[in-house]
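# Chain and residue survey
Now for the letters of each chain:
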Amino acid sequence: MELNVHSKSVHAAHWGESINPALVMVHGAGGNHAVWSLVAPNVAAEGYYVLAPDLPGHGLSEGEALTSIPALADWLTAFLDAAGLQRVILAGHSMG
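All values derive from a computational prediction rather than experimental measurement. (Residues numbered from 1 in each chain as written. Predicted model: local features only at pLDDT ≥ 70, side-chain atom pairs only at ≥ 80, totals over all residues. Heavy atoms only, no water.)

### A look at the overall build of the chain
Short version of the rule: Only DSSP runs of H or I covering at least 4 residues are called helices, and only runs of E covering at least 2 are called strands; the numbering of each starts at the N terminus. With C-alpha atoms as the basis for the radius of gyration, the globule rule is written as 2.2 Å multiplied by the number of residues raised to the power 0.38. For every residue, the accessible area (1.4 Å probe, protein chains only) is compared with the maximum for its type, and the residue is labelled buried under 20%, exposed over 50%, or partly exposed between those bounds. The criterion used for residue contact is that any of the two residues' heavy atoms lie within 4.5 Å. Surface accessibility follows the Shrake-Rupley procedure with a 1.4 Å probe radius. Residue values consider only the protein chains on display as shielding.
Helix and strand content of the chain: two helices and five strands. Mapped in sequence order, the helices and strands of the chain form the string β-β-β-α-β-α-β. Since a compact globule built from 96 residues should have a radius of gyration of about 12 Å, the 12 Å found for the chain is in line with a globular shape. Its C-alpha atoms put the chain at 35 × 25 × 20 Å along the principal axes. Burial statistics for the chain: of 96 residues in total, 38% are counted as buried. Considering only contacts in the chain between residues 6 or more positions apart, those separated by 24 or more positions represent 70%. Carbon and sulfur atoms make up 53% of the accessible area of the chain, which amounts to about 5,200 Å² in all.

Written out as structure tokens, the structure reads:
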């Protein structure tokens with residue numbers, strides 16, 4: 001799926017049915033959505049909708065890589081709005 005966040009194209013892999021709440025999985029610095037490719041299908045099989053975005057400057061997403069946790073938090077809020085998600089469960093590793 002492709003979304004527009006802060007006027008940049010953002011790629012997000014997704015598994016399962018589109019419902020709220022969704023499980024949003026955030027990769028770490030230097031990674032991309034693929035770090036969740038072994039886990040996400042199994043979680044989706046349990047009935048969750050899973051969304052794994054590529055952060056700016058990572059994977060298939062446009063833009064410069066974010067340089068601070070507050071910038072990441074602001075971007076993630078804008079991403080959730082663009083995806084139309086109001087209630088989410090967040091999972092992350094490393095910087096994510």
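Moving on from the model shown.
### Structural notes on unusual backbone geometry
You will see that His6, though not glycine, has its phi angle at about 50 degrees, which is positive. For Ser7, which is not glycine, the phi torsion reads 65 degrees and is therefore positive. Tracing the backbone shows Ser7 in the loop between strand 1 (2–5) and strand 2 (8–15).

### As for the packing of aromatic side chains
To keep things clear, this is the line we draw: Whether two aromatic rings pair depends on their centres lying within 6.5 Å, for rings of Phe, Tyr and Trp, where Trp uses its six-membered ring; planes under 30 degrees apart make the pair stacked, over 60 edge-to-face, and the rest tilted.
On inspection of all chains with the given rule, the structure shows one aromatic pair. Their ring planes at 15 degrees and their centres at 5.4 Å tell us that Trp75 and Phe79 sit as a pair that is stacked. Note that Trp75 and Phe79 are positioned in helix 2 (residues 69–83) at a spacing of four residues, about one turn of the helix. A relative accessible area of 0% means that Phe79 is categorised as buried.

### A short note on the sheet that holds strand 4 (residues 50–53)
Sheet strands associate in pairs through backbone hydrogen bonding, adopting either a parallel or an antiparallel arrangement. Using the following cut-off: Two strands qualify as a pair provided DSSP detects at least 2 bridges between them. To get an axis, fit a line to the C-alpha atoms, keeping to the stretch in contact for a helix; angles then go from 0 to 180 degrees between the N-to-C directions.
Strands sit in the order 1-2-4-3-5 across an open sheet of five strands; the sheet is mixed. Of all the strands in the sheet, just strand 1 and strand 5 (88–92) have a single pairing partner and so form its edges. Each strand axis lies, on average, 30 degrees off the axis of its neighbour in the sheet, ignoring direction. Sheet topology note: the strand 2/strand 4 ladder contains four bridges and is antiparallel. For Ala13, the partnering residue across the bridge sits in strand 4 and is Ala52. Running over the sheet, helix 2 touches strand 1, strand 2, strand 3 (22–26), strand 4 and strand 5 and is turned about 130 degrees from strand 1.

Remember, this is a structural readout, not a statement about activity or role.
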